[in-house]
Amino acid sequence: MTTPLRIGIAGLGTVGLGVIRMLRDNADLVTSRAGRQIDVVAVSARDAQKNRGVDLSGVSWVTDARDMTERADISAIVEVIGGEGGISLDLAHKSLASGKHLITANKAMLAHHGTSLARLAEHHNVSVLCEAAVAGGIPIIKAFREGLAGNHIRALYGILNGTCNYILTEMRLSDRSFKDVLAEAQTKGYAESDPSFDIDGIDTGHKLCLLSSMAFGVMPQFSHMPITGISHLTPSDIQYAGELGYRIKLLGMAKCHDGKVWQKVMPCLVPSSSTLGNVEGVYNAVFYETDFAGQGMMSGRGAGADPTASAIVSDIIDLAQGKTRPLFGVSVDRLASASMIKPQEISSRFYMHLRVKDQAGVIAEISSILKDHHISIESMIQRGRNPDQAVSVVMITHETNESDMASAYAKMARLSFMASPPTQLMIKDIS
Ligand SMILES: NC(=O)c1ccc[n+]([C@@H]2O[C@H](COP(=O)([O-])OP(=O)(O)OC[C@H]3O[C@@H](n4cnc5c(N)ncnc54)[C@H](OP(=O)(O)O)[C@@H]3O)[C@@H](O)[C@H]2O)c1
């Protein structure tokens, strides 16, 4: 019998405990698929006294997770502590430098330090595996790096954050404000007590950065990614979108054309009848366009103990079988440093929601700004008259470029009759 794969798990929270449970509950299946036994020989977390509801007898407790890297009986470390830097990054460096494979769910760390970690792994002839870092239970990284490996992936559109998708779904179904639904999501455990990474779109950006690097074979580029979250959206935006035949989804979007890349995180209108538009609640999905396989979409649970454990255990099985690949699909020196597609080269239809004081000349001034930026209007909704309150003007533009739209938006936001900042969202007519 082949020797067991001996691993250490750093972090015994939601994901770490999920991994231990899955390795135990499905031990026979995992051993048979891996072709060898998987032994958890060491664990680490902050609080050694905490009752974690799993039997850890026979597993050594390591007070400082980094000490696992010095143990000769461990060949792979599962990092499920979290955080872009700090102990997680230190542990990752030490693991790879000491010749131990690293399995991680830490998208923040990989979005910021993935290139240097991949380089270090190559240098020491070990691997970084991260299926759990993007869309939890959906094996999208495997799909991009293996199943679609012979294709040029042209574009991807992902609903990559379950917290945001839950909030947007509930706002639509119950006609409640963002704040109300966020509070409910926190009570139900779907949102963190500090939800900013999720609702501001940063978490989606981290995942998009990793996915686009793997899809297009380019260096991960997070620092200049334009990111807009969902906290400015109102129930009326969601209703107007619905009247127009759309649902609002926070999308991580990326395209690759002529060796240049476009990446953006932004709430978008997608058709209510589309498959992506019907990915609701905490579910995630990734829609992709390729040259040979055509279009496709994978959806499923993006987070939580069990789906995330499923992704980590699949990485553990790959490792046990000796099936490893470079972190971004190709070695770092073969990743292109792609330049970015300019906003002038990206065109889309846009949704605009302007809340204006009800006075003469408003539409004329707005029209004049749009005309100056070559933006024409496909349809418009203007509701009611009320001199004491702001009224809503909702417009859908014809195809226009991002750059013109951004400067028109900046001018409109400064108009004296604008009661609050306008909402401007891209329309993505994905089937
Ligand atoms: N939760 C999900 O659904 C999900 C999905 C995909 C990816 N992820 C990623 O998975 C990672 C872990 O997430 P999680 O939800 O499992 O986090 P979590 O529940 O907060 O657990 C974090 C664990 O790390 C331990 N820890 C914190 N500081 C430590 C230190 N200095 N040394 C050793 N252990 C330390 C904590 O110890 P104590 O328990 O003693 O406090 C805890 O056990 C993150 O990178 C996250 O982004 C999570």
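Residues numbered from 1 in each chain as written. Predicted model: local features only at pLDDT ≥ 70, side-chain atom pairs only at ≥ 80, totals over all residues. Heavy atoms only, no water.

Visitor: Give me the environment of Y288: which residues, what numbers.
Guide: With respect to the secondary-structure elements, Y288 resides in strand β10 (residues 283–290). Considering only alpha carbons, one finds Y288 and A155, 133 residues apart in sequence, at a separation of 5.7 Å. With near-sequence residues (within four places) excluded, Y288 lies in contact with I140, F144, L148, A155, L156, G294, Q295, G296, M297 and M298. (Helix = DSSP H or I, 4+ residues; strand = E, 2+ residues; numbered from the N terminus. Contact = heavy atoms within 4.5 Å.)

Visitor: Now, about the domain arrangement of the chain: what can you tell me, with residues and values included?
Guide: The figure often quoted for interface size is the accessible area lost as the parts come together. In terms of domains, the chain is made up of domain 1 (5–137 + 308–325), domain 2 (140–301) and domain 3 (343–427). With 17 residues of domain 1 in contact, the opposing surface of domain 2 contributes 18 residues. Across the domain 1 to domain 2 interface the summed buried area is about 1,600 Å²; carbon plus sulfur atoms make up 62%. Looking only at domain 1, the three residues that lose the most surface to domain 2 are E131, V134 and R325, adding up to 34% of its buried area. Summed over the shared surface of domain 1 and domain 2, the number is 3 salt bridges. A salt bridge links E146 to R325, with the nearest nitrogen and oxygen atoms 3.6 Å apart. In this assembly, domain 1 and domain 2 are joined by 7 residue pairs in polar contact (both at pLDDT 80 or more). Put simply, the parts of the chain that give the side of domain 1 that touches domain 2 at least two residues each are α4 (107–123) and α11 (305–320). Considering each element in turn, the side of domain 1 that touches domain 2 owes the most residues, 7 residues, to α4. (Domains from an automatic or database assignment. Buried area = accessible area lost by both parts, 1.4 Å probe. Salt bridge = Lys/Arg side-chain N within 4 Å of Asp/Glu carboxyl O. Polar contact = N/O pair within 3.5 Å; in protein donor to acceptor, adjacent residues only side chain to side chain.)

Visitor: Provide a residue-level description of the pattern of salt bridges, including the pertinent values.
Guide: Under the criterion given, the structure shown has 21 salt bridges. Here E280 makes a salt bridge to R172, at a shortest N to O gap of 2.2 Å. Placement of the pair is E280 in the loop between β9 (260–271) and β10 and R172 in helix α6 (residues 162–174), with a sequence separation of 108 residues. Look at R172 and you get partly exposed, because its relative accessible area is 29%. Salt bridges here are not isolated pairs; linked through shared partners, they connect K142, E146, D318, K323 and R325. (Buried < 20%, exposed > 50% of the residue type's maximum accessible area, 1.4 Å probe, protein only.)

Visitor: Lay out the state of the cysteines in plain terms, naming residues and giving numbers.
Guide: Taken as a whole and judged by the stated rule, the model has 0 disulfides. Counting only cysteine sulfurs, C209 is the nearest neighbor of C130, a cysteine outside any disulfide, at a range of 11 Å. Accessibility expressed as a relative area gives 0% for C130, which makes it buried. For C268, which is in no disulfide, the shortest distance to another cysteine sulfur is to C164 and amounts to 13 Å. (Disulfide = S-S within 2.5 Å.)

Visitor: Account for the site of the ligand, with residues named and values stated.
Guide: Inspection of the region around the ligand gives 22 residues, with L12, V15, D47, R52 and G304 positioned closest. K50 places a side-chain nitrogen or oxygen 3.1 Å from an oxygen atom of the ligand. At a separation of 2.8 Å, an oxygen atom of the ligand approaches a polar side-chain atom of R52. With the chains in place, 77% of the 900 Å² that the ligand exposes on its own is no longer accessible. (Near = heavy atom within 4 Å. Areas by Shrake-Rupley, 256 points an atom, 1.4 Å probe, with all protein chains shown as cover.)

Visitor: Can you tell me about helix α10 (residues 235–243), naming the residues and giving the values?
Guide: An α-helical turn contains 3.6 residues, so a residue and the one three or four places further along point in the same direction. For α10, the set of buried residues is D237, I238, Y240 and A241. In a view along the axis of α10, the buried residues occupy a sector of 165°, so they form one face of it. Positive backbone phi, approximately 95°, marks G245, located one or two places after α10. (Arc of directions from axis to C-beta.)

Visitor: How would you sum up the packing of aromatic side chains? Please name residues and give values.
Guide: Inspection of the entire model under this criterion finds 3 aromatic pairs. Between F144 and Y288, the aromatic rings sit 5.9 Å apart at their centres with planes inclined by 85°, giving edge-to-face as the arrangement. One end of the pair, F144, is in helix α5 (residues 140–147); the other, Y288, is in strand β10, with 144 residues separating them in the sequence. Y288 matches F144 in its accessibility class, with the two residues each being buried. Between Y166 and Y190, the ring centres sit 4.7 Å apart and the planes meet at 65°, which makes this aromatic pair edge-to-face. Taken as a pair, Y166 in helix α6 and Y190 in the loop between α7 (178–188) and α8 (196–199) lie far apart in primary sequence, 24 residues in all. Residue classification places Y190 among the partly exposed positions, given a relative accessible area of 38%. A cation sits over an aromatic face here: K255 above W262, 5.9 Å from the ring centre. (Phe/Tyr/Trp six-rings, centres within 6.5 Å; stacked < 30°, edge-to-face > 60°. Lys NZ or Arg CZ within 6 Å of the ring centre and 35° of its normal.)

Visitor: Explain the pairing of strand β4 (residues 76–79) residue by residue, including any values.
Guide: The alternating pattern of β4 places A76 and V78 and I77 and E79 on opposite faces, both of which are buried. Where strand β1 (residues 5–10) and β4 come together, 4 bridges link them in parallel fashion. Looking across to β4, one finds that I7 is bridged to A76. Bridging between β4 and strand β5 (residues 101–104) involves 4 bridges; their strand directions are parallel. Counterpart to A76 in the pairing with β5 is H101. Read from β4 through helix α3 (residues 86–97) to β5, the crossover connection turns out right-handed. (Pairing = 2+ DSSP bridges. Right-handed = clockwise from strand over helix to strand, strands pointing away.)

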